[in-house]
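# Residue-level structure breakdown
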Amino acid sequence: MSCCGLLTAQKEPVPLKSVEVELEVRDHVATVVSTLTYENKEDKPIEAVFVFPLPGDAAVCHFSATIGQTQIVAEVKEKQEAREDYDDALSSGQQAFLLEESEQSPDIFSLSVGSLPPGESASIRLEYVTELAVQADDGLRFCLPAVLNPRYQPQGSDGASVQVTSVPASLVPYSLSFSARVSSPRPVSKVESNCSLDPLQYLNTEQTQATVKLASGHKFDRDIEVLIYYKDAHQPTAVVEAGQASAKPGSLMGDPVVMLSLYPEFPEAVMSSVASCGEFVLLLDRSGSMDCGTGDSDEPETRISSARDTLLLLLKSLPMGCYFNIYSFGSNYEHIFPKSVEYNEKTMEEALKKVEKMDANLGGTEILEPLKHIYSQPCIPSQPRQLFVFTDGEVGNTKEVISLVKKNSGSHRCFSFGIGEGASSALINGLAKEGGGHAQFITGTDRMQPKVMQSLRFALQPAVEDVSVTWDLPEGVSATVLSPPITTLFQGQRSLVYAQLTGQSSEAAEGGVTVKYSLAGHPSQSQLHFSLRPTEDTGLTVHRLAARLLIRSLEMEESDDEGEQDRGVKQKVVELSVQSGVSSAFTAFIAVKKGDGGAIQGPLMRRDVPTPSYGLVAQCCYMSADTQAFSACSLDSLDEDYQLDYGSPPSDEAEVLYSYEGGLVKGQMAYSNEDFSPEVALPEQPRRDPLLQLVSLQKASGCWMLDPALAAALGKTSEEVENTKPSAVNQEVWATILALIWLHGFKKDAQEEWELLAMKAVSWLRAQNATCVAECVEAGNAVLGCEVQRDALGL
């Protein structure tokens, strides 16, 4: 068993030896340099193919290879032309390197290393830039996807596919080193990670620069997530970057580009009010892969069980008077109600009964059809639609899904949640970006509940309307905005604006920008003044991010169009990609080492480098010595070979490998033809979390009933809670005050999870005009052994 996945069918070694990643973060922009070292220990020339994930919004801007003392820098060409150059080079015995992006999903890349002679090493350098997303707690999130999960390709998809060899994380045959350097105008307060890091080292007394690196012994069982925290994070900033001297003035790369980071701060009075309307549509992934564990903890919690608990909290936190519905999907989809219904005790209870029975048993990951059905339903007047999508993001038709959300962005906001390692960042971020919502990732030991409740708070915020951006620039200077118009703003969330600056100004010139918007009927604005003098040392980072933004929006346009217009858009993308040196779906990086004329001798062997997989392990080593078979590795339909993600059953009973920290376990897995999720005997369910037990007893109106179930949830007997009730108070008021005291007294650390449902309880209490509240709080503290103040409860 020990060699499994390390060797090919012919017992030949796999050629990737090491991956070294250097991360440089300046404020909220990251530059990532990855160096991959290949070595051919065979006696024949080989072609190595490595399929790997990158962040979905990364702008890949440099690719080079070093063989011996020779470095070749790749150039960007139209994809078909690059593939032909690669094939021509291999067939004439030259060394060649091809890097291309999947046409289905912009977060998957394929690297082909061609004609590596026997005994030769090659070092590949790949560079990309990306913006770091702001988290709920103001941390900036960088994720290095180490895990490429099989992507489910919808039925009826066509196109050639690429072979992906995936192995258990413990057997990945190459090493990884990772280091980060962080700098900002503001002090770095801390850096956290889901992986073990060496201690943070500050490089100056102001603590505005620091370095950190991954502790040795990293296992490829998870993505590497780094969270960076600055002091005073919410400062608006502007970075002006000079154009490229060699580029034509007036072009994107030739002119200066400015990147503005805006943090609108909304008045507290407006923010404390929570909307009591809205249509909340919850869409839950129930494909087989949702049965995987949520992290590396000892608890047997699966993604689907965590999602069920989250739906309980969500449903209890919805405001009375809103509308809701719950859809779930796999190879097909289901909905609890034929159309959205008004939220009340009866509909909430009916929904919760069905949620409790939801399992990961619906097969594949066909997300497109339920979305089409949701969008076909008429919107309810005065109830703005809010869509919450929960998925482990293993889909192959990412661009098609995002395009559908974009088409319907005028009628709803979309909040997305990527669950587990390897969830597609392109899908999760794309849904939220095009749907004007917010994206969250739940990995490792993260709890899903606080992140989802944070998004519900955003959804219940008053909507920001009529957003406009106006520029104040010196005479002779004009700004062409490259970003799509801002349609949504959330409290504490950053909005980025890119603009190309044309014209001449004096060195000391200043510019300004004003963002105006209407919040709950109140006109508001925020302003930022900035120097037009270009910032030093940013290279072309801002230009490349702006180019990536334009390329992505053109690609979206291309997928919406057909025919002549489509060809024109594609041509624009290719021109912009070649000019900026940033990859796109229609271009590829190609590097060919022009040899000394002598062709490399011997038949060419192909080696697929294994990618770490999480959960189900797909073993598909592939090799051929037929030189004719080596056309450039096409990623057009990567996922057909990935149908092992429950997309099609391998057989009625397939032997599979489970990856545990202790090594590999062989097992039998039963498949039925109706659904392809593995039937694994689950351990007995642990006793329900006390917080969820208490929450499950709350009524839709916000109150609790005084009954034995409440007493048990509070850890008391029925007599203890009933006999201590002040005589003048009715039972529901007493029960509700007890529940609030218990939440504040015992679950303060999880307040973000229950805050909204507690606000609902307080509103209900106020509506009762209850007397003796002070007496109830005193008696409740006595019976529960707490010391919670009345004003802390919001009473």
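Residues numbered from 1 in each chain as written. Predicted model: local features only at pLDDT ≥ 70, side-chain atom pairs only at ≥ 80, totals over all residues. Heavy atoms only, no water.

## Here we look at the overall build of the chain
A tally of regular secondary structure across the chain gives 16 helices and 36 strands. Of all intrachain contacts in the chain linking residues separated by at least 6 positions in sequence, the fraction that spans at least 24 positions is 75%. Summed over all atoms, the accessible surface of the chain reaches about 32,000 Å², with 48% contributed by carbon and sulfur. (Helix = DSSP H or I, 4+ residues; strand = E, 2+ residues; numbered from the N terminus. Contact = heavy atoms within 4.5 Å. Areas by Shrake-Rupley, 256 points an atom, 1.4 Å probe, with all protein chains shown as cover.)

## Observations regarding the sheet that holds strand β1 (residues 16-26)
Strand order in this open sheet of eight strands is β5-β4-β9-β2-β1-β13-β16-β15, and the pairing throughout is mixed. Looking along the sheet, the strands with just one partner apiece sit at the ends: β5 (70-73) and β15 (201-202). Of the strand pairs in this sheet, β1 and strand β2 (residues 29-39) are connected by ten bridges, and their pairing is antiparallel. Bridging across to β2, L23 finds its partner in V32. (Pairing = 2+ DSSP bridges.)

## So, helix α14 (residues 731-746)
End to end, α14 covers 22 Å across 16 residues, agreeing with the expected 22 Å (1.5 Å per residue, within 8%). Here α14 lies mainly inside the structure; twelve of its 16 residues are buried. All of the buried residues in α14 are V733, W734, A735, T736, I737, L738, A739, L740, I741, W742, L743 and H744. Those residues of α14 that are buried are in contact with α11 (690-696), α12 (708-713), α13 (718-722), α15 (751-767) and α16 (773-784). (Expected span 1.5 Å × (residues − 1). Buried < 20%, exposed > 50% of the residue type's maximum accessible area, 1.4 Å probe, protein only.)

## A short note on the pairing of strand β29 (residues 495-502)
For β29, the tally of buried residues reaches seven of eight residues, placing the bulk of the element in the interior. Pairing between strand β19 (residues 257-262) and β29: six bridges, direction antiparallel. For L260, the partnering residue across the bridge sits in β29 and is V497. Pairing of strand β28 (residues 478-481) with β29 involves four bridges; the strand directions are antiparallel. Paired with T480 across the two strands is Q500, which belongs to β29.

## What to know about the pattern of salt bridges
One pass over the full model with this rule turns up 22 salt bridges. Between E24 and R26 there is a salt bridge whose closest N-O contact spans 3.5 Å. Judged by its relative accessible area of 31%, E24 is partly exposed. A relative accessible area of 38% means that R26 is categorised as partly exposed. (Salt bridge = Lys/Arg side-chain N within 4 Å of Asp/Glu carboxyl O.)

## Concerning unusual backbone geometry
One non-glycine residue, D27, lies in the positive phi region at around 60°. With respect to the helices and strands, D27 occurs in the loop between β1 and β2. One non-glycine residue, S382, lies in the positive phi region at around 60°. Among the structural elements, S382 can be located in the loop between α5 (368-376) and β24 (385-391). A residue is classified by how much of its surface remains accessible, and S382, at 67% relative accessible area, is exposed.

## Remarks on the sheet that holds strand β31 (residues 522-531)
The strands that make up a sheet pair up through hydrogen bonds in the backbone, lying either parallel or antiparallel. One open sheet accounts for three strands, arranged β27-β30-β31; its pairing is antiparallel. Strands at the two margins of the open sheet, each flanked by one partner only, are β27 (464-472) and β31. For this sheet, the mean inter-axis angle between neighbouring strands, taken without regard to orientation, is 15°. Sheet analysis places β27 next to strand β30 (residues 510-519), joined by seven bridges and oriented antiparallel. Directly across from W471, in β30, lies its bridge partner V513. (Axes fitted to C-alpha atoms, helices over the stretch in contact; angles between N-to-C directions.)

## Comments concerning the nonpolar core
Ranked by size, the top nonpolar core spans 81 residues in total, and within it F388 and F390 carry the most contacts. At ten residues, the largest contribution of residues to this core is made by α14. Filtering out sequence-adjacent residues up to four positions away, F388 remains in contact with F280, V281, L282, L283, L314, F415, F417, V452, S455, L456 and A459. In this structure, F63, L144, A180 and A591 belong to the second largest nonpolar core, which totals 54 residues. (Core = buried A, V, L, I, M, F, W, Y, C linked by side-chain atoms within 4.5 Å.)

## Here we look at the packing of helix α3 (residues 303-317) against helix α4 (residues 345-356)
Where α3 contacts α4, the axes come no closer than 10 Å and their chain directions differ by 175°. If you check the angle between α3 and α4, you find them roughly antiparallel. From α3, R308, L311, L312, L315 and K316 reach across to α4, where they touch M348, E349, A351, L352, V355 and E356. Tallied by class, the residues present in the contact of α3 with α4 amount to seven nonpolar, no polar and four charged. (Parallel < 35°, antiparallel > 145°, perpendicular 65-115°, else oblique. Nonpolar A, V, L, I, M, F, W, Y, C, P; charged D, E, K, R; others polar.)

## Re the packing of α3 against helix α8 (residues 448-460)
Contact pair α3 / α8: the axes reach a minimum separation of 9 Å and the direction vectors enclose 35°. For the pair α3 and α8, the sense of crossing is right-handed. Note on element contacts: α8 touches α3 through M448, Q449, V452, M453 and L456, opposite R303, S306, A307, D309, T310, L313, L314 and S317. Residue composition of the contact of α3 with α8, grouped by class: seven nonpolar, four polar and two charged. (Left-handed = near helix turned anticlockwise from the far one by under 90°.)

## As for the pairing of strand β3 (residues 46-53)
Across the eight residues of β3, eight count as buried, placing the element largely inside the fold. Covered by surrounding structure in β3 are I46, A48, F50 and F52 together with E47, V49, V51 and P53, the residues of both alternating faces.

## Considering the side chain of S416
Looking at the secondary structure, you find S416 in strand β25 (residues 412-419). Here I428 takes part through its backbone oxygen, which lies 2.6 Å from a polar atom of the side chain of S416. Setting aside residues up to four positions removed in sequence, S416 forms contacts with V389, I428, L431, A432, H438, A439 and Q440. (Polar contact = N/O pair within 3.5 Å; in protein donor to acceptor, adjacent residues only side chain to side chain.)

## Here's the deal with the confidence of the model for the chain
Keep in mind that low pLDDT regions are not for reading the predicted coordinates in detail. Residues at a pLDDT of 70 or more form 80% of the chain, whose mean pLDDT is 80. Low pLDDT, under 50, characterises residues 1-11; the stretch is placed with 21 contacts to residues that sit more than four places away or in other chains. Here residues 158-163 is modelled with pLDDT under 50, and outside its nearest four sequence neighbours on either side it reaches 24 contacts, counting other chains as well. (pLDDT = per-residue confidence, 0-100.)

## With respect to helix α1 (residues 79-91)
For α1, with 13 residues, the first-to-last C-alpha span of 18 Å sits near the 18 Å given by 1.5 Å per residue. Turning to α1, its buried residues number three or more, namely K79, A82, R83, Y86, A89 and L90. Along the axis of α1, the buried positions cluster into a sector of 125°, meaning they face one direction only. Sitting at the head of α1, E78 places a side-chain oxygen 3.1 Å from the backbone nitrogen of Q80. At the C-terminal side of α1, G93 shows a positive phi close to 80°. (Arc of directions from axis to C-beta.)

## Topic: the packing of aromatic side chains
Scanning all chains against the criterion turns up eight aromatic pairs. Relative to Y343, the ring of F324 has its centre 5.8 Å away and its plane inclined at 80°; by these criteria the two rings are edge-to-face. Of this pair, F324 sits in strand β21 (residues 323-329) while Y343 sits in the loop between β23 (341-342) and α4, and the two are 19 residues apart along the sequence. When sorted by exposure, F324 lands in the same class as Y343, which is buried. Measuring from centroid to centroid gives 5.9 Å for W742 and F746, while their planes differ by 45°, and the two rings are tilted. Of this pair, W742 and F746 both sit in helix α14, separated by four residues, roughly a single helical turn. According to the relative accessible area criterion, W742 is buried, its value standing at 7%. (Phe/Tyr/Trp six-rings, centres within 6.5 Å; stacked < 30°, edge-to-face > 60°.)

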